[in-house]
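Inside the fold
Here is what each chain is made of, one letter per residue.
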Amino acid sequence: MNGYEEGIALQAASIYAAQMNPCIRETFCGLAALIVPNTAALPQLGGEQAIGAVELHVQQYIIWELDHSLALMSGLSLTVFPLAAPTAQMLNSAAMQLVARGWETCPPNPALWAISPFAALVPCDRMRVLALLEQLQFDLELLPPPYQHDGGYVKFVVDYLNRAVMFGNYSEWPAYGPTRLDTPVCRRLYGFPIGWRQAGYPGIADGYRAFLGFVLYIERDQGGYQIV
Amino acid sequence: MYDADVIVIGSGGGGAVAAKELAEKGLKVLVLEAGPFYGNKKWPQPNSERGGEWSSSYHDLDVNIYKRIYNRYENNMNDVVSGVFRFGPADRRRSPWHRIQRQRGEIWQLSGVGGTTQHYWSQSPRAFPSAIDGVWPISYAELVPYYEKVEATLPVNFSPTTPKEELFYYGVKKAGWKLNPTLDVVTPGYRPNPNAILPPNENLMNPGYSMEQLNEMEGCNLQGHCMNGCTAGPSVDRIAKRGTLVSYVPLALKTGNVSIRPNSFTIKILTERGPAGALHAVGVRFRDTWTGEIGELTAQTIVMAAGCVESPRLWINSGLPDNGWVGRGLTNHCFDWVGGVFDERDLLNTIGFPAVYPYIGHTSGARVDIPGTGIFQVSCLSPGLMSYLTYGFSEAGYAAFSHPEPDAPWDLRGRVIGPQLKALMENYSRTMTYLLLTDDETRYINRVEVDPLLKDENGPIPVVHYTPSAKTLQRRDRLARYACESLQAAGARTIIRSDTPFAFQLHLESTMRMGYVVDTNCEAYDVKRLFIADNSVHFNGIGGPNPTLTTQALATRTADKIAEIYFS
């Protein structure tokens with residue numbers, strides 16, 4: 001990719017990021033912060049370990065993935081169905097149902113409630129929302145399509161949301177920096193991934209001098225073999 | 001009159017083997033592959049430009065293109081939505097091809113030349129004889145010569161030991177398992193994995209060679225990227241990890257009798273009725289994934305090797321007769337995944353190293369086989385993949401909400417999130433993880449079908465249903481106990497059982513079963529001259545061992561049968 005193309009790619013990525021509406025953004029920030037929180041307040045997880053998924057923009061990873069995962073024929077053409085908006089709506093509907101039933105353990109944050117009821121809940125109530133959603137304890141009529149009355153799909157996506165935050169956070173994705181929302185072949189690495197540093201992973205390597213011998217070995221000759 | 005003697009649909013674990021074996025008999029073979037061809041001069045930018053149409057020459061292979069694409073970064077390589085390895089079109093701007101799963105889970109299947117063997121971990125064990133003899137319509141002895149041929153061709157050998165295998169052996173020996181020095185497993189025991197990976201480079205421990213040099217030489221260099229794209233080797237056909245892209249595909253091209261057309265999604269099997277009214281296959285219709293153009297090709301015989309989901313989908317979308325078993329009887333080894341976190345001091349005392357080094361060596365290097373129950377195998381991945389498989393993926397919900405199990409050999413069951421996740425991930429390099437493979441009971445209700453309404457550009461899309469039987473779940477629980485007890489014996493301080501979603505589908509098998517949809521030659525009962533050469537023809541889940549070698553042995557045998565029946 002030449003500089004001109006890279007410029008276009010970066011522009012496209014920033015337009016995409018700008019189009020994320022505040023409700024969707026806050027909802028997935030609430031999810032990312034629940035799964036991999038900032039832990040600056042915890043002495044044993046301070047320093048570099050304190051950095052959480054929101055600082056690494058993992059909420060944008062989830063939004064990008066959901067918006068690019070489903071393409072089906074609609075009328076004459078193949079159509080991409082962005083799923084970030086309905087998925088955020090599902091989390092917010094479930095959060096409102098939790099509060100309406102009085103099942104929350106702490107009052108939600110009033111400043112965030114109007115933007116994202118899910119993000120307005122304290123972490124343990126957000127976890128409760130996800131757990132009750134996958135147990136199909138909420139009124140599925142109140143969820144948006146494609147989740148409305150489709151409990152199997154709700155279970156699939158709630159489980160997905162958990163693992164996707166982890167994969168986004170602990171893989172190299174955050175290190176794609178300003179190209180992270182670009183089409184994958186145009187992404188470039190900017191530095192060493194923080195999630196890899198937090199995990200103590202040395203990064204990709206050509207090899208390791210770690211051969212400690214064989215317990216068993218197959219020797220072959222003229223069509224036969226022997227285990228030694 | 002025909003475009004070829006044989007058309008093979010799919011170039012993965014089975015299709016590439018069938019193509020090579022048929023071509024070595026002198027037959028003219030065309031291979032259609034839905035995904036990209038990585039490491040081929042005809043497609044220098046396989047994910048962003050259309051490139052050529054066909055490759056017919058071994059000399060088209062290009063290791064520099066291969067290594068540029070296989071860059072080993074876990075998100076770039078294995079993201080299921082947009083990764084180099086995904087089930088989708090070559091053009092990574094586009095969405096993947098969707099399969100409907102209305103339950104927790106994921107389907108790890110790849111399009112592209114080499115298919116799912118591009119990221120498989122190369123485990124190549126034979127079936128448990130007890131799962132074949134008296135159960136399958138053919139005997140284990142019938143498979144053995146074909147196993148031997150595939151093992152010699154790939155080639156297969158036992159995994160070398162690195163620190164994580166050393167720790168595994170320490171734990172399983174303390175837990176009472178005995179060494180089982182065999183390829184034919186009839187009793188329980190441990191052994192290194194029989195893997196399709198070249199033995200370590202003989203100069204690996206020689207500091208006179210730099211790692212960069214070693215990476216351009218033949219032999220495994222323990223780089224730990226079995227799943228993220230192995231790059232050890234001087235040429236495409238000498239890459240250490242022997243997915244079919246680097247093993248059977250180069251051998252097929254070397255015959256001069258094979259042409260491969262990637263970016264070509266087969267959407268219909270074409271048939272005719274013979275004079276006696278019997279249906280037989282005469283060709284295929286395919287769609288170019290870059291241009292949308294539709295092509296047709298004819299051959300005397302068709303081999304379907306599209307995988308356990310796409311083979312039944314293609315059958316159904318072609319309007320072929322359904323005897324009630326098409327897509328039925330899906331097995332999946334009902335996986336589980338456990339992990340043990342170790343203290344540095346304990347590790348120094350037991351194995352003499354301060355860490356497990358989960359990123360070094362074969363992704364999976366050793367196992368305990370328990371015929372009648374399943375297998376647990378040490379399996380360690382890069383941190384993004386490891387974090388989600390260990391802590392983010394569960395049938396059981398959140399560990400924080402799960403019921404206490406005071407007698408269980410695990411401390412946590414289910415997803416772990418928040419500060420506790422971060423504290424565990426800080427210990428990634430001192431964590432050893434195992435994949436558990438259950439001897440999965442075959443059930444008619446487990447199935448692949450097509451959605452009555454939803455379509456993609458290739459036709460009605462597949463719906464995959466999988467619910468394990470009570471017996472399968474008992475075996476899985478037993479395996480989880482054995483596995484976690486061995487982690488305890490090895491000295492793990494914290495043990496996690498993820499309780500992986502039942503529908504985490506890696507080892508899909510038996511959706512077009514021998515004896516139900518195909519005969520013992522793997523030819524379809526209801527459509528003559530149509531053979532199947534993928535995991536779908538397995539009668540069952542072969543007792544739990546990883547299925548690829550058995551598919552490859554059967555594909556070799558099927559090539560013999562095709563030549564015998566139609567070309568002798």
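Keep in mind that this is a model prediction, so the values were computed, not measured.

Concerning the interface of chain B and chain A
Facing the 78 residues of chain B at the interface are 61 residues of chain A. Contributions of two or more residues to the side of chain B that touches chain A are made by helix 3 (74–78), strand 4 (157–158), helix 5 (163–174), strand 5 (189–192), helix 6 (211–215), helix 10 (383–391), helix 11 (419–425) and strand 16 (447–456) of chain B.

Section: the domain arrangement of chain B
When the parts come together, some accessible area is lost, and that loss is often what is quoted as the size of the interface. Residues and elements named next belong to chain B. For chain B, the assigned domains read domain 1 (1–13 + 28–122 + 257–328 + 511–537) and domain 2 (336–441 + 460–503). Each of domain 1 and domain 2 has a C-alpha centre, and the two are 33 Å apart. Taken together, the 15 residues of domain 1 in the interface contact 15 residues of domain 2. Among the elements of the structure, helix 3, strand 3 (105–107) and helix 8 (310–317) are those that each provide at least two residues to the side of domain 1 that touches domain 2. Counting residues per element, the side of domain 1 that touches domain 2 draws most heavily on helix 3, which supplies three residues. Its residues placed into classes, the side of domain 1 that touches domain 2 shows four nonpolar, seven polar and four charged.

Here's the deal with the sheet that holds strand 5 of chain B
All names here are of chain B. With mixed pairing, seven strands are arranged side by side in an open sheet as 5-12-13-15-11-18-14. What marks the edges here is a single partner per strand, and that holds for strand 5 and strand 14 (412–413). Across the sheet, helix 10 lies against strand 11 (336–341), strand 15 (431–438) and strand 18 (494–497), angled at about 110 degrees from strand 11, the strand it touches most.

Thoughts on unusual backbone geometry
The peptide bond linking proline 145 of chain A to proline 146 of chain A adopts the cis configuration, its omega dihedral lying at 5 degrees. Within the secondary structure, proline 146 of chain A sits in the loop between helix 7 (123–134) and helix 8 (151–170). The omega angle of the peptide bond from leucine 154 of chain B to proline 155 of chain B is -10 degrees, so this bond is cis rather than trans. The residue proline 155 of chain B is located in the loop between helix 4 (140–153) and strand 4 in this model. With phi around 70 degrees, serine 122 of chain B is a residue other than glycine that occupies positive phi space. Tracing the sequence through the fold places serine 122 of chain B in the loop between strand 3 and helix 4. The residue histidine 333 of chain B is not glycine, and still its phi comes out positive at about 65 degrees. The residue histidine 333 of chain B is located in the loop between helix 8 and strand 11 in this model. On the basis of neighbour count, histidine 333 of chain B is assigned to the buried category, with 29 C-beta atoms found within 10 Å.

Calculation rules
- Residues numbered from 1 in each chain as written.
- Chains lettered and ligands numbered in written order.
- Predicted model: local features only at pLDDT ≥ 70, side-chain atom pairs only at ≥ 80, totals over all residues.
- Contact = placed C-beta atoms within 7 Å.
- Helix = DSSP H or I, 4+ residues; strand = E, 2+ residues; numbered from the N terminus.
- Domains from an automatic or database assignment.
- Nonpolar A, V, L, I, M, F, W, Y, C, P; charged D, E, K, R; others polar.
- Pairing = 2+ DSSP bridges.
- Axes fitted to C-alpha atoms, helices over the stretch in contact; angles between N-to-C directions.
- Buried ≥ 20, exposed ≤ 12 C-beta atoms within 10 Å, placed from the backbone.

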